[in-house]
Amino acid sequence: MEIKETKIYRYLEKNSKTFHCENINKVTAYAQSFLSRIPTMFSNYTNHDIGHSARVADYMAELLPCSIEKYNDTELVVMLYSAIFHDIGMAVSETENNLTPSTQDDIRKTHHIRSEKFINGKTEKDDCFTIDNESSVNFKSLVASIVRTHGEDFSWIEKNLKKNECFGNDIVNPQFISCLLRLGDYLDFDSRRTPYHLFQFLNLSKKSFSEWKKHFPITNYNKV
């Protein structure tokens, strides 16, 4: 599945939100270049690719209590960006190659914090986080905080995210989006994250073997 196939992207495209769609395309290509590095160092782990991000975004859209038309453009884009970037911290640099299994596990456990730092860092796509092409109002730090929440408990969310935040004329509910992200991530639990041909090919450790096998009995893709 691709980001362009998600419900949020198709809704924005259908309603001629060209500015947002163009930025989403740029951000997706940028994130994908990093996400594609994850299997290099974490070949025994379940997939954290752009397909996973897209499915998480679709589960988030399915969980919306109101029809998608009820949500403003900024809120929808923040939802989609959060799904795209939530696992970016699993990508490792050249200096982090040849990691021990223990260090790899540490990265997995802290990847939500690494993802936050990655987004907050200076990137060539910073202009893709503005609310429109005439404004400098930027939601980059918000996306970073929401991404971190998928590895934090609810007390962290309550302490660090607001229930309402204004971006231009749009009001965004960061706590709500963080809950959608956590649930969407949990719901992407089936064989699409553990392709059987890879399962047969990889010489998995006992722990990885157990984790991969958990996905195989899940046959229903629609879980909402």
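Residues numbered from 1 in each chain as written. Predicted model: local features only at pLDDT ≥ 70, side-chain atom pairs only at ≥ 80, totals over all residues. Heavy atoms only, no water.

1. Regarding the overall build of the protein
Step number 1: Helix and strand content of the protein: eleven helices and two strands.
Step number 2: For the protein, the N- to C-terminal ordering of α and β elements is α-α-α-α-α-α-α-α-β-β-α-α-α.
Step number 3: A sequence separation of at least 24 residues applies to 72% of the contacts in the protein between residues at least 6 apart.
Step number 4: Total accessible area on the protein stands at roughly 11500 Å², and carbon and sulfur atoms take up 50% of it. (Helix = DSSP H or I, 4+ residues; strand = E, 2+ residues; numbered from the N terminus. Contact = heavy atoms within 4.5 Å. Areas by Shrake-Rupley, 256 points an atom, 1.4 Å probe, with all protein chains shown as cover.)

2. A word on the nonpolar core
Where a protein is soluble and globular, its nonpolar side chains tend to be buried together.
Step number 1: Ranked by size, the top nonpolar core spans 50 residues in total, and within it Met79, Tyr81, Ile84, Phe85 and Phe139 carry the most contacts.
Step number 2: At nine residues, the largest contribution of residues to this core is made by helix H5 (residues 73–85).
Step number 3: The residues touching Phe139, leaving out its near neighbours within four places in the chain, are Thr74, Val77, Val78, Tyr81, Cys128, Phe129, Thr130, Ile131 and Phe167. (Core = buried A, V, L, I, M, F, W, Y, C linked by side-chain atoms within 4.5 Å. Buried < 20%, exposed > 50% of the residue type's maximum accessible area, 1.4 Å probe, protein only.)

3. Let's talk about the pattern of salt bridges
Step number 1: Within this structure, the stated rule accounts for eight salt bridges.
Step number 2: Taking the shortest distance from any N to any O, the salt bridge between Glu152 and Arg148 comes out at 2.9 Å. Neither residue differs from the other here; Glu152 and Arg148 are each classed as buried. (Salt bridge = Lys/Arg side-chain N within 4 Å of Asp/Glu carboxyl O.)

4. Observations concerning helix H6 (residues 101–120)
Step number 1: The terminal C-alpha atoms of H6 lie 27 Å apart, and with 20 residues this matches the ideal 28 Å at 1.5 Å per residue to within 8%.
Step number 2: Looking only at H6, the buried set comprises Gln104, Asp105, Ile107, His111, His112, Ser115, Glu116 and Ile119. (Expected span 1.5 Å × (residues − 1).)

5. Here we look at the environment of Asn169
Step number 1: One can find Asn169 in the loop between strand S1 (165–167) and strand S2 (170–172).
Step number 2: Separated by 97 residues in the primary sequence, Asn169 and Asn72 place their C-alpha atoms 9.3 Å from one another.

6. A few points about the packing of H6 against helix H7 (residues 140–149)
Step number 1: For the pair H6 and H7, the least separation of the axes is 8 Å and the interaxial angle reads 170°. Judged on the interaxial angle alone, H7 and H6 are roughly antiparallel. Contact with H6, carried on its side by His112, Ile113, Ser115, Glu116, Ile119 and Asn120, involves Lys140, Ser141, Val143, Ala144, Ser145, Val147 and Arg148 of H7 and no other residues of that element.
Step number 2: Looking at the contact of H6 with H7 residue by residue, the class counts come to five nonpolar, five polar and three charged. (Axes fitted to C-alpha atoms, helices over the stretch in contact; angles between N-to-C directions. Parallel < 35°, antiparallel > 145°, perpendicular 65-115°, else oblique. Nonpolar A, V, L, I, M, F, W, Y, C, P; charged D, E, K, R; others polar.)

7. Focus on the side chain of His111
Step number 1: Along the polypeptide, His111 turns up in helix H6.
Step number 2: Among the residues examined, His111 registers a relative accessible area of 12% and is labelled buried.
Step number 3: Looking at His111, its side chain comes within polar contact range of the side chain of Asp87, at 3.0 Å.
Step number 4: Not counting residues within four places of it along the chain, the set of residues in contact with His111 comprises His86, Asp87, Gly89, Met90 and His150. (Polar contact = N/O pair within 3.5 Å; in protein donor to acceptor, adjacent residues only side chain to side chain.)

8. Quick look at the packing of aromatic side chains
Step number 1: Per the stated rule, a full pass over the model turns up eight aromatic pairs.
Step number 2: Residues Tyr30 and Phe34 carry aromatic rings whose centres are separated by 5.2 Å and whose planes lie at 70° to one another, so their mutual orientation is edge-to-face. Placement of the pair is Tyr30 and Phe34 together in helix H2 (residues 18–35), with a separation of four residues, close to one helical turn.
Step number 3: Overall, Phe34 belongs to the partly exposed group, its relative accessible area being 26%.
Step number 4: Between Phe34 and Phe118 the ring centres are 4.8 Å apart and the planes differ by 75°, which places this aromatic pair in the edge-to-face class. (Phe/Tyr/Trp six-rings, centres within 6.5 Å; stacked < 30°, edge-to-face > 60°.)

9. What about the packing of helix H1 (residues 7–14) against H2?
Step number 1: For the pair H1 and H2, the least separation of the axes is 8 Å and the interaxial angle reads 140°. The residues of H2 that touch H1, namely those facing Tyr9, Leu12 and Glu13, are His20, Cys21, Ile24 and Asn25.
Step number 2: Split into classes, the residues belonging to the contact of H1 with H2 amount to four nonpolar, two polar and one charged.

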